[in-house]
Amino acid sequence: MLLSKLFVPIIKDLPAEAKIKSHQLMLQTGMIKQSSAGIYSWLPLGFKVMKKIEQIVREEQNFIGAQEMLMPTIQSAEIWKESGRYEDYGEEMLRIKDRQGREMLYGPTNEELITDVFRSSVKSYKLLPQLLYHIQWKFRDEIRPRFGVMRCKEFYMKDAYSFDLSDEDAIKSYNKMFYSYLKTFHRLGLKAIPMAADTGPIGGELSHEFVILAETGESKIYADKNIFQINFSQYSFEEKSLKKMREDFNKIYAVTDEKYKKDEFDKNVNKENQMVTRGIEVGHIFYFSDKYSKPLNCLIDDKNGKKTSVKMGSYGIGVSRLVGATIEANYNNNVMKWPKSIAPFDVVIIPSINKNNKENLEKAHKIYLELKKQNIDVLLDDLDENMSNKFKKHDLIGVPYQIIIGSKSQGDDLEFKELNSKSEILSLNKIKSKLKT
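Because the structure is predicted, anything quoted here is derived from the model rather than measured. (Residues numbered from 1 in each chain as written. Predicted model: local features only at pLDDT ≥ 70, side-chain atom pairs only at ≥ 80, totals over all residues. Heavy atoms only, no water.)

Chemist: I'd like a rundown of the overall build of the protein chain, residues and numbers included.
Modeler: Counting its regular elements, the protein chain contains 11 helices and 21 strands. At 25 Å, the protein chain has a C-alpha radius of gyration in line with the 22 Å of a compact globule built from 437 residues. If one aligns the C-alpha atoms of the protein chain with their principal axes, the spans along those axes are about 85 × 60 × 40 Å. For the protein chain, the proportion of its 437 residues judged to be buried stands at 52%. Long-range pairs, those at least 24 residues apart, make up 71% of the contacts in the protein chain between residues at least 6 apart in sequence. Counting 68 positive and 61 negative side-chain charges, the protein chain places the centres of these two groups 3 Å from one another. (Helix = DSSP H or I, 4+ residues; strand = E, 2+ residues; numbered from the N terminus. Rg over C-alpha atoms; globule rule 2.2 N^0.38 Å. Buried < 20%, exposed > 50% of the residue type's maximum accessible area, 1.4 Å probe, protein only. Contact = heavy atoms within 4.5 Å. Lys, Arg positive; Asp, Glu negative; His and termini not counted. Charge placed at Lys NZ, Arg CZ, Asp CG, Glu CD.)

Chemist: Explain the sheet that holds strand 6 (residues 103–106) to me, and be specific about the residues and the numbers.
Modeler: The three strands are arranged 4-6-5 in an open sheet whose pairing can be described as antiparallel. A single partner strand is all that each edge strand has here, and the edge strands are strand 4 (74–76) and strand 5 (94–97). Taking each pair of neighbouring strands and ignoring which way they run, the sheet shows an average axis angle of 35°. Sheet topology note: the strand 4/strand 6 ladder contains three bridges and is antiparallel. Bridge pairing in strand 6 places I74 opposite Y106. (Pairing = 2+ DSSP bridges. Axes fitted to C-alpha atoms, helices over the stretch in contact; angles between N-to-C directions.)

Chemist: How would you summarise the pairing of strand 7 (residues 130–139) if you had to cite specific residues and measurements?
Modeler: Most of strand 7 is tucked away: nine of the 10 residues are buried. As paired strands, strand 3 (residues 67–68) and strand 7 are joined by two bridges and run parallel to one another. Within the sheet, the bridge partner assigned to Q67 lies in strand 7 and is L132. Pairing between strand 7 and strand 8 (residues 154–164): 10 bridges, direction antiparallel. Residue pairing for strand 8: Q130 is matched across the bridge by F163.

Chemist: Which residues make up the sheet that holds strand 20 (residues 413–418), and what are the values?
Modeler: Spatially, the five strands line up as an open sheet ordered 18-17-19-20-21, and their pairing is mixed. Only two strands of the sheet have a single partner each, and these edge strands are strand 18 (378–380) and strand 21 (424–427). Along the sheet, successive strands turn relative to each other by an average axial angle of 30°, direction set aside. Note: strand 19 (residues 401–405) against strand 20, four bridges, orientation antiparallel. Residue pairing across strands places I404 opposite E415, the latter belonging to strand 20. Those strands touched by helix 10 (residues 387–397) are strand 17 (347–351), strand 18 and strand 19, and its axis lies near 170° from that of strand 17. In the packing of helix 11 (residues 428–436) onto the sheet, contacts are made with strand 17, strand 19, strand 20 and strand 21, and the angle to strand 21 comes to roughly 100°.

In structure tokens form, the structure reads like this:
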């Protein structure tokens, strides 16, 4: 992509409500544009990053056997009345009526709807377990939307739902998701810590938030520093290993503020290992047994022919929120560096352009075409600006690698730089190899 053709409406004057770095940066670099309070248009740069995150989330859900589907954003109020949550959910739910006067709502979550889908289709234990997920827009009418995409009204979310015959089987599904989330966040370049959490309006007794450390996080967390030493890659996707993984994490104290009790914290964590900080929730998983299946009469025949309520769990990842969370985790000293897996481009070519000498631009264009042949996603800065402005702009955009065509680039030897690192002189072939690893 040529920068001159890329729709990146960079702005200089930030709105006063942009308080945190991710919100400022996403507005400044034209990743998003506010439509109304808490609602944003996703522009090409931001949308590209979000779609890359979505694909990684999808791949890891598919890996554990979850099946993708798609449910609507607008739901009937009737199934929410069946579950008893229609009135309980509160003013965050956007309630509407269609032209026939039927009560509808813009879905804030999908426990009721997926249960309705399941109860009409599955009647026997022989079809269990089932893991279903979709990636869809949600709406919650936040009273004070803030922090850009971190707490907004409309957001893009992966939510999955498990259906099992027994509590024992359901915990196995829960462990699969626990593993999938750790692997997903690892691929996104994030260190997400699972922490015992309150179940909130979803309900149930077992719940974990996946939290990345950030000073701007809304969640206050209390943890034993040893939890950061657990390497999830030592566990395999086998039942015994998944069970041990959960046990290992559960042995180490780590909770969000809703679950915090000072006496328990002091009792379970040595003073030198106690950590009190803030974090950003990037995923949340729940096991709630028959909380929804029972009132919605979602019954299956067990092995003895007896009808029983199916056991359920739900599992959410904020795909759009992860764009902002990744910025908060990686921004440093006015430089943003995207993890390679989700960067908007693999590399940017930055030539020094002189109106009277187009050699650098011509050389940059040849390199650009060569990299494109290698399926490397490359951005060419073909704008006639001074190099200082170019560097500032690309430090903000955060493409992880730069090829600089200037006085240090001679022949096939090119100035190559990884953001937040010193530049080096490499051949084009070496740069290709580095970009493909």
